[in-house]
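In case you want the letters, here they are:
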Amino acid sequence: MNNENAKRDPVSKLIFELSKLPGIGEKTATRLAYFVLKQDETYARSLAESLVAAKQKVGLCETCFTFTDINPCRTCADTNRDRAIICVVERPSDMNSVEMAGTFRGAYHVLHGALSPLDGIGPDELKIRELIERLRTASAPVSEVILAMNPSVEGDATSLYLTRLIRPLGIRVTQLAHGIPMGGQLEYTDRQTIGKAIENRMEMR
Ligand SMILES: [Zn+2]
């Protein structure tokens, strides 16, 4: 805990910690904090314990690098899935979004971000080496990699970078069809749009 934080009273500290969550501004954090304070202590305890338990029990799948409590994760362990096609996404939440669309029955690979040199995120900060290694050493050969990056400058840069690495391996590289607006995020895109974007995926140029 830093000095600034130590000086806060318990309610301000709770609001401060909640406001770090994505999409939660100070107003919402305040509302959530007051909600928790109004409940009896059992709820606060159970909330705190579930946060710690999730953090302790959940790690990264050794194959696809999504969050999981078992290794390999349930998706990688599913023998009904087509391992010849790998869908590459930025975050575990994107994997959930593609999965919810219901049209994809292949495997996944989670990069944990997109290339963003200005923020100090280069290839070594992402699971890119692991992806190439996976493609090279797969027991059953991979025939296609679908790049399902978010439509953004960083997502596009990542797709181009990966295409240059993957195509020389003799693997087809495709990307999601347009329909997801630039600056949009898979996480907040409806199932039908994602489903269509996968069906109509295009060859990377
Ligand atoms: Zn996995």
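One can find the structure itself at the top, above this paragraph.
Caption draft 1: Broad picture of the overall build of the protein chain. A tally of regular secondary structure across the protein chain gives nine helices and seven strands. Dimensions of the protein chain along its principal axes, counting C-alpha atoms only, are 60 × 35 × 35 Å. Buried positions account for 26% of the 205 residues belonging to the protein chain. Taking the intrachain contacts of the protein chain between residues at least 6 apart in sequence as the baseline, contacts between residues at least 24 apart amount to 54%.

Caption draft 2: Local environment of unusual backbone geometry. With an omega of -5 degrees, the peptide bond running from Asn71 to Pro72 counts as cis. On the secondary structure map, Pro72 appears in the loop between strand E2 (67-68) and helix H5 (74-77). Of note in the backbone geometry, Phe65 takes a positive phi value of approximately 70 degrees without being a glycine. Summarising the element assignment, Phe65 is placed in the loop between strand E1 (59-60) and E2. With phi around 65 degrees, His112 is a residue other than glycine that occupies positive phi space. Looking at the element boundaries, His112 is found in the loop between strand E4 (106-110) and helix H7 (128-137).

Caption draft 3: Local environment of the sheet that holds strand E3 (residues 82-89). Ordered in space as E4-E3-E5-E6-E7, the five strands form an open sheet in which the pairing is mixed. The open sheet has two free edges, formed respectively by E4 and strand E7 (202-203), since each of these has just one partner strand. Note: strand E6 (residues 172-175) against E7, two bridges, orientation antiparallel. Each residue of the ladder has a partner; that of Thr174, found in E7, is Glu203. Lying over the sheet, helix H6 (residues 92-101) contacts E3 and E4, oriented at roughly 125 degrees with respect to E3.

Caption draft 4: Geometry of helix H8 (residues 153-166). The end-to-end C-alpha separation of H8 is 20 Å, in line with the 20 Å expected for 14 residues at 1.5 Å each. Buried within H8 we find Gly155, Thr158, Ser159, Leu162 and Ile166. Down the axis, H8 shows its buried residues gathered within 100 degrees of arc, on one side only. Those residues of H8 hidden inside the fold are in contact with E3, H7, strand E5 (144-147) and E6.

Reading guide: rules and limits
- Residues numbered from 1 in each chain as written.
- Predicted model: local features only at pLDDT ≥ 70, side-chain atom pairs only at ≥ 80, totals over all residues.
- Helix = DSSP H or I, 4+ residues; strand = E, 2+ residues; numbered from the N terminus.
- Buried ≥ 20, exposed ≤ 12 C-beta atoms within 10 Å, placed from the backbone.
- Contact = placed C-beta atoms within 7 Å.
- Pairing = 2+ DSSP bridges.
- Axes fitted to C-alpha atoms, helices over the stretch in contact; angles between N-to-C directions.
- Expected span 1.5 Å × (residues − 1).
- Arc of directions from axis to C-beta.

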